[in-house]
Amino acid sequence: MSATPVRTPVGIVGAGPAGLFLAHLLHRQGIESVVLETRSREEVEGTIRAGVLEQWTVDLMQDLGLGDRMRREGHFHRGITLRFNGESWHLDFEDLTGGKRVTVYPQHEVLRDLIAARLANGGEIRFGVQDVQLHGLTTDRPRITYRNGDGEPEELHCDFIAGCDGSQGTSRQHVEGRTEYQHLYPFGWLGILVEAPPSHHELIYARHGRGFALLSTRSPDIQRMYLQCGPTDNAADFPDDLIWSELHRRLETVDGWTLTEGRIFQKNVIGMRSFVCDRMQHGRLYIAGDAAHIVPPTGAKGLNLAVADAVYLARGLEDFYGRGRRDRLEQYTATCLRRIWKAERFSWYMTTMLHTNPAEDPFEQRIHLADLDYVVHSRAAATALAENYVGLPLD
Ligand code: FAD
Ligand code: DHB
């Protein structure tokens with residue numbers, strides 16, 4: 001027997017960026033919610049992922065009163081470096097976009113701030129739940145059943161359910177009539193975490209005949225670097241000296257810059273795919289974030305896109321509760337997809353331009369070099385890249 005059902009206006013499945021931003025945005029409008037999360041708080045806060053935040057994501061965190069630690073501890077980059085044919089080219093986003101920057105503040109730090117603030121303002125996040133099942137989605141009283149952290153059955157009665165359960169979640173399966181688009185890439189990334197000071201004050205994206213390389217950062221003492229590898233390669237098969245020799249070769253440049261080595265304390269391989277679920281709602285269920293779309297990591301759009309969905313969904317729910325209007329909710333899929341497809345395009349463009357694809361012929365490889373040459377020599381082309389990287393404005 002379930003305990004007495006709990007009522008909440010919005011049941012949110014998943015405490016990632018989509019679910020937690022949604023909970024905060026709704027709370028600001030006086031709409032309460034309960035977040036259900038299968039992992040423990042420690043696991044959620046301990047999963048280390050990048051955090052290249054678009055300007056409007058940073059502004060939103062400030063608006064929500066969540067920006068203090070980010071302002072103190074984040075790194076603000078005014079651009080990136082593109083490296084190819086052994087030469088480096090700086091793209092100055094601040095100059096190209098009228099003052100917008102990128103903020104590097106790791107995703108787990110964003111989540112720590114969101115969780116702490118949500119619990120402090122009286123919000124409910126139930127960690128460690130299991131067997132989450134959605135019911136009655138086409139009625140106006142949808143329900144979520146699950147087992148709490150002690151294994152006991154519980155039930156949440158809602159007006160709406162937000163499926164923010166990431167790429168491995170199941171909420172997407174409930175969206176009837178959806179069309180799924182997928183594109184696979186014949187490579188992956190070997191990512192390493194290194195104990196070392198930064199080798200450069202901004203990110204470096206390098207195209208090289210031996211494959212892509214990316215120099216990024218986590219903190220003044222910890223650096224993140226990536227090497228293009230095979231899609232099914234095993235991180236354990238890459239000894240440290242091989243990784244360093246590949247990084248030195250792929251990042252080599254004629255201007256005398258050098259890469260600082262350090263102790264590698266983590267290695268992992270990341271797959272690459274593009275995925276879009278064309279239809280993000282069914283009855284009273286709305287899906288958001290990685291539950292509905294995946295981008296390859298080049299260009300760092302995933303987290304930002306998840307937050308944009310949360311903003312659009314919150315706006316729809318505000319209109320419903322505040323004005324009794326449903327049109328924004330009805331338009332939710334269409335509104336989200338306009339932004340999603342542009343982010344998909346940008347991530348695909350950055351990925352194909354910067355990687356060496358073994359399936360491409362020499363003609364196509366030269367086209368990518370021409371594209372890079374165009375970007376670094378044309379202010380118009382550089383501006384197009386810059387405005388996508390710092391984040392297109394929200395509709
Ligand atoms: P998630 O973060 O996946 O959150 C979903 C949550 O739902 C999880 O906590 C999961 O445990 C929970 N869950 C799953 N199933 C259930 C269930 N049945 N019931 C309850 N809870 C459930 N994006 C960027 O913008 N910038 C970057 O620099 C960047 N770097 C990345 C680096 C790596 C290595 C990876 C893997 C991703 C990166 N991304 C980046 C992408 C970004 O991390 C994701 O796009 C983002 O986390 C999506 O947020 P989400 O809330 O939709 O999903
Ligand atoms: C990181 C990841 C990315 O995909 C990217 O484009 C930039 C930085 C990172 O892990 O730091």
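Residues numbered from 1 in each chain as written. Chains lettered and ligands numbered in written order. Predicted model: local features only at pLDDT ≥ 70, side-chain atom pairs only at ≥ 80, totals over all residues. Heavy atoms only, no water.

As named in an unreviewed UniProt entry, the chain is 4-hydroxybenzoate 3-monooxygenase, taken from Deinococcus metallilatus.

For the chain, the helix and strand inventory stands at 12 helices and 21 strands. Computed over C-alpha atoms, the radius of gyration of the chain comes to 22 Å, within 12% of the 21 Å expected from 2.2 N^0.38 for 395 residues, which places it in the range of a compact globule. By its C-alpha atoms, the chain is 70 × 40 × 40 Å across when sized along the principal axes. Relative to its 395 residues, the chain shows a buried fraction of 54%. (Helix = DSSP H or I, 4+ residues; strand = E, 2+ residues; numbered from the N terminus. Rg over C-alpha atoms; globule rule 2.2 N^0.38 Å. Buried < 20%, exposed > 50% of the residue type's maximum accessible area, 1.4 Å probe, protein only.)

Direction vectors running N to C along helix H10 (residues 332-354) and helix H11 (residues 362-377) enclose 115 degrees, while the axes themselves pass 8 Å from each other. With respect to H11, the element H10 is oriented roughly perpendicular. In contact with Tyr349, Thr352, Met353 and Leu354 of H10, H11 contributes His368, Asp371, Leu372 and Val375. In terms of residue class, the contact of H10 with H11 is built from five nonpolar, two polar and one charged. (Axes fitted to C-alpha atoms, helices over the stretch in contact; angles between N-to-C directions. Parallel < 35°, antiparallel > 145°, perpendicular 65-115°, else oblique. Contact = heavy atoms within 4.5 Å. Nonpolar A, V, L, I, M, F, W, Y, C, P; charged D, E, K, R; others polar.)

Right, let's talk about the domain arrangement of the chain for a bit. Where interface size is given, it is often the accessible area lost as the parts come together that is meant. Split by domain assignment, the chain resolves into domain 1 (6-75 + 102-181 + 274-349) and domain 2 (186-271 + 356-374). Using only C-alpha atoms to locate each centre, domain 1 and domain 2 end up separated by 31 Å. For domain 1, the biggest contributors to the area lost against domain 2 are His75, Pro297 and Thr298; these three give 41% of the whole. If you look at where domain 1 meets domain 2, you find zero salt bridges. Along the contact surface separating domain 1 from domain 2 lie zero residue pairs in polar contact (both at pLDDT 80 or more). Partitioning the side of domain 1 that touches domain 2 into residue classes produces seven nonpolar, three polar and one charged. (Domains from an automatic or database assignment. Buried area = accessible area lost by both parts, 1.4 Å probe. Salt bridge = Lys/Arg side-chain N within 4 Å of Asp/Glu carboxyl O. Polar contact = N/O pair within 3.5 Å; in protein donor to acceptor, adjacent residues only side chain to side chain.)

This brings us to the pairing of strand S18 (residues 273-278). Looking along a regular strand, one sees the side chains alternate between the two faces of the sheet. Both strand S12 (residues 179-184) and S18 contribute to a ladder of six bridges, which runs antiparallel. Following the sheet pairing, Leu184 is matched in S18 by Arg273. Where S18 meets strand S21 (residues 293-294), two bridges bridge the pair, whose relative direction is antiparallel. Considered in S21, the bridge of Val276 is made with His293. (Pairing = 2+ DSSP bridges.)

Let us look at helix H12 (residues 379-389). Of the positions making up H12, those classed as buried are Ala381, Ala382, Leu385, Ala386, Asn388 and Tyr389. What you see down the axis of H12 is that its buried residues fit within an arc of 165 degrees, all on one side. N-capping of H12 is provided by Ser378, with a side-chain oxygen placed 3.2 Å from the backbone N of Ala380. Looking one or two residues beyond H12, the residue adopting positive phi is Gly391, at roughly 110 degrees. (Arc of directions from axis to C-beta.)

Below, the discussion takes up the site of ligand 1. The immediate surroundings of ligand 1 are formed by 28 residues, with Glu37, Ala50, Gln107, Asp290 and Leu303 found nearest. Within the contact set of ligand 1, an oxygen atom lies 3.4 Å away from a backbone nitrogen or oxygen of Val52. The separation between an oxygen atom of ligand 1 and a polar main-chain atom of Ala300 is 3.1 Å. A total of 990 Å² of accessible area belongs to ligand 1 in isolation, and the protein chains cover 85% of it. Secondary structure elements with two or more residues in the shell around ligand 1: helix H1 (17-28) and helix H8 (302-323). Examining the composition of the shell around ligand 1, we find that four residues originate from one element, H8, more than from any other. The residue makeup of the shell around ligand 1, split by class, is 13 nonpolar, nine polar and six charged. (Near = heavy atom within 4 Å. Areas by Shrake-Rupley, 256 points an atom, 1.4 Å probe, with all protein chains shown as cover.)

Turning next to the pairing of strand S16 (residues 222-229). Among the eight residues in S16, seven count as buried, and that is most of the element. Pairing of strand S13 (residues 188-195) with S16, which is carried by eight bridges, proceeds in the antiparallel orientation. Bridge assignment links Val194 to a residue of S16, and that residue is Gln223. Note: strand S15 (residues 213-217) against S16, five bridges, orientation antiparallel. Note that in S16 the partner of Thr217 across the bridge is Gln223.

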